[in-house]
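Structural features, examined
What follows is each chain in one-letter form.
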Amino acid sequence: PYTVFFNPEDTKSFEDDISGNFTGVGMEVDIKDKVLTVISPLKDTPAYKAGIKSGDKILKIDDTITNELTIEKAIKLIRGDKGTTVTLTIYREGEEEPKEIKIVRDVINAPTLDTELRKDGIFVVKLYSFSANSTNLFRSAMKEFYKSKSDRLLLDLRGNPGGYLDAAVDMSSWFLANGKPVVIEDSGNGKEQDIFRSSGYDIFNDKLKFVILIDGGSASASEILAGAMQDYGKAILVGEQSYGKGSVQEVVEVTPDTILKVTVAKWLTPKGTSISEKGLTPDYKVEITKKDVTADKDPQTDKAVELLNNWPK
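**Here's the deal with helix α3 (residues 71-78)**
Taken residue by residue, α3 has Ile71, Glu72, Ala74 and Ile78 as its buried positions. When α3 is viewed along its axis, its buried side chains cluster within an angular range of 160° and face the same direction. Buried residues belonging to α3 abut β1 (4-6), β3 (27-32), β4 (35-41), β5 (57-61), β7 (85-91) and β18 (258-268).

**Concerning unusual backbone geometry**
Non-glycine residue Lys149 carries a positive phi angle of around 65°. If you trace the backbone, Lys149 turns up in the loop between α4 (134-148) and β12 (152-156). Note on Lys149: relative accessible area 72%, which makes it exposed. Residue Asp296 is not a glycine yet carries a positive backbone phi of 55°.

**Details of the nonpolar core**
Counting 40 residues, the largest nonpolar core has Phe175 and Ile212 as the members making the most contacts within it. Those elements that place two or more of their residues in this core are β11 (123-127), α4, β12, α5 (165-172), β13 (181-186), β15 (209-214), α6 (221-231) and β18. At six residues, the largest contribution of residues to this core is made by α6. Contacts of Ile212, omitting those with residues within four sequence positions, involve Leu155, Leu157, Ala226, Met229, Ala235, Ile236, Leu237 and Val238. Membership of the second largest hydrophobic core comes to 18 residues, among which are Ala47, Ile61, Ile90 and Ile101.

**Re the pairing of β12**
Of all the five residues making up β12, five are buried; the element is thus mostly covered by neighbouring parts of the structure. Side chains Arg152, Leu154 and Asp156 project from β12 onto one buried face, and the interleaved Leu153 and Leu155 project onto a second face that is buried too. Direction of pairing for β11 relative to β12: parallel, over a ladder of four bridges. Its bridge partner being in β12, Val125 is matched across the sheet by Leu155. The handedness of the β11 to β12 crossover, carried by α4, is right-handed. Pairing of β12 with β15 involves five bridges; the strand directions are parallel. Note on β15: the bridge partner recorded for Arg152 is Lys209.

**Some words on the packing of aromatic side chains**
Taken as a whole, this structure holds six aromatic pairs when the rule is applied. The interplanar angle of 20° and the centroid separation of 5.6 Å between the aromatic rings of Phe175 and Phe204 together place this pair among those described as stacked. Of this pair, Phe175 sits in the loop between α5 and β13 while Phe204 sits in the loop between β14 (194-197) and β15, placing them 29 residues apart in sequence. For Phe175, a relative accessible area of 3% gives the class buried. Between the NZ or CZ atom of Lys32 and the centre of the ring of Tyr243, over which it lies, the distance is 4.1 Å. Over the aromatic face of Tyr201 sits the side chain of Arg139, whose NZ or CZ is 5.4 Å from the ring centroid.

**Let's talk about the pattern of salt bridges**
Applying the stated criterion to the full structure yields 13 salt bridges. Ionic pairing is found between Lys43 and Asp44, a salt bridge with its closest N-O pair at 3.9 Å. On the basis of relative accessibility, which here comes to 45%, the residue Asp44 falls in the partly exposed class. As a salt-bridge pair, Asp120 and Arg118 come within 2.8 Å of each other at their nearest N and O atoms. Take Asp120: its relative accessible area is 25%, and that puts it in the partly exposed class. The class for Arg118 is partly exposed, based on a relative accessible area of 26%.

**Some words on the environment of Ser247**
Among the structural elements, Ser247 can be located in strand β17 (residues 247-255). Between the alpha carbons of Ser247 and Ala235 there is a distance of 24 Å; along the sequence they are twelve residues apart. The residues touching Ser247, leaving out its near neighbours within four places in the chain, are Tyr2, Thr263, Ala265, Lys266 and Trp267.

Calculation criteria
- Residues numbered from 1 in each chain as written.
- Predicted model: local features only at pLDDT ≥ 70, side-chain atom pairs only at ≥ 80, totals over all residues.
- Heavy atoms only, no water.
- Buried < 20%, exposed > 50% of the residue type's maximum accessible area, 1.4 Å probe, protein only.
- Helix = DSSP H or I, 4+ residues; strand = E, 2+ residues; numbered from the N terminus.
- Arc of directions from axis to C-beta.
- Contact = heavy atoms within 4.5 Å.
- Core = buried A, V, L, I, M, F, W, Y, C linked by side-chain atoms within 4.5 Å.
- Pairing = 2+ DSSP bridges.
- Right-handed = clockwise from strand over helix to strand, strands pointing away.
- Phe/Tyr/Trp six-rings, centres within 6.5 Å; stacked < 30°, edge-to-face > 60°.
- Lys NZ or Arg CZ within 6 Å of the ring centre and 35° of its normal.
- Salt bridge = Lys/Arg side-chain N within 4 Å of Asp/Glu carboxyl O.

No statement about biological role is implied by the geometric values presented.
Here it is in structure tokens:
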């Protein structure tokens, strides 16, 4: 369902996307169970500020009903010039009626990473996307963590829709020995599997206490990184079931300004679990309720902090 030809206009839009700089509302969308669905709004973008949530189902874009749209056509309708408005008709689970949300488009500079050393000594890395510069930013964050002398790391992948595979493999390499499989590319039809392996930076010893936060907005490269850490017992996953986007796409240049994006395989975790089947199941399932949001509470982070400060023996 994801194989598609991009004309010159679509090709430019795709290349802008992957570079992390474009004009629109700032959210990742996908077609899930035949419905246009929000994977995640990007932090501090118009969609985020308008209250768009992971899992929102988009029924209409302005006056266009979405059930017959391809993902590319839907994105083209949501995008537009800076300062113009798009109206999305949203259905959110748990609410009786769909509602309209008006969003003013703007230039989107996709955020990548924030770090914080908490007063209790826990080092927090919030990773918002696996964009072109994320590998270097994560490297700097790991150096900062190492210098902090903390042994407790909290990696927040909630709402991270993914991005570059290479970035996920490189980040996993900070925690895995050289040559360890990070993710398996399974093309089916009896073909030999491709295995993407750790570069073996592996600078942290077994005393590292490591928790990763995931939710329904954690997809693709987020699931590759979190899935590898879970399979090897390097980190405890806390939060909610991840999105389940495990398809491998290859971009083929047709002419200098057109491309074909082809689905060629699916991702498996090192233990062979298919990411696309149902996503990753956290070790500790913790939901965030409407009441929590209203009270500005974050029980997922609270659980992660509890685990890091009382590490299971």
